[in-house]
Amino acid sequence: MKRDDVPFQRHWLYYVVLKYAVIAIAVAITFYTVYRLYSG
């Protein structure tokens, strides 16, 4: 991502990090839920 792609220019690094952190947490929760459903 470039600085021009984010809605607020000053905090673009925090925006990018937060975006990928939210995606990673969502994927982790999904895998955990699937594991719990199909493991037992």
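Residues numbered from 1 in each chain as written. Predicted model: local features only at pLDDT ≥ 70, side-chain atom pairs only at ≥ 80, totals over all residues. Heavy atoms only, no water.

On to the overall build of the protein chain. Looking only at helices and strands, the protein chain has one helix and zero strands in total. By residue count, 5% of the 40 residues in the protein chain fall in the buried class. Summed over all atoms, the accessible surface of the protein chain reaches about 3900 Å², with 66% contributed by carbon and sulfur. (Helix = DSSP H or I, 4+ residues; strand = E, 2+ residues; numbered from the N terminus. Buried < 20%, exposed > 50% of the residue type's maximum accessible area, 1.4 Å probe, protein only. Areas by Shrake-Rupley, 256 points an atom, 1.4 Å probe, with all protein chains shown as cover.)

Our focus in this paragraph is a nonpolar patch on the surface. A surface patch of nonpolar side chains, about 420 Å² in accessible area, is lined by Tyr 20, Ile 23, Val 27 and Phe 31. When you line up the elements, Tyr 20 lands in helix H1 (residues 12-39). (Patch = residues over 30% accessible without salt bridge, like charges linked within 9 Å, V, L, I, M, F, W, Y side chains within 5 Å. Salt bridge = Lys/Arg side-chain N within 4 Å of Asp/Glu carboxyl O.)

Evaluated as defined, the whole model comprises zero aromatic pairs. One cation-aromatic arrangement involves Lys 19 over Tyr 20; the distance from NZ or CZ to the ring centre is 5.6 Å. (Phe/Tyr/Trp six-rings, centres within 6.5 Å; stacked < 30°, edge-to-face > 60°. Lys NZ or Arg CZ within 6 Å of the ring centre and 35° of its normal.)

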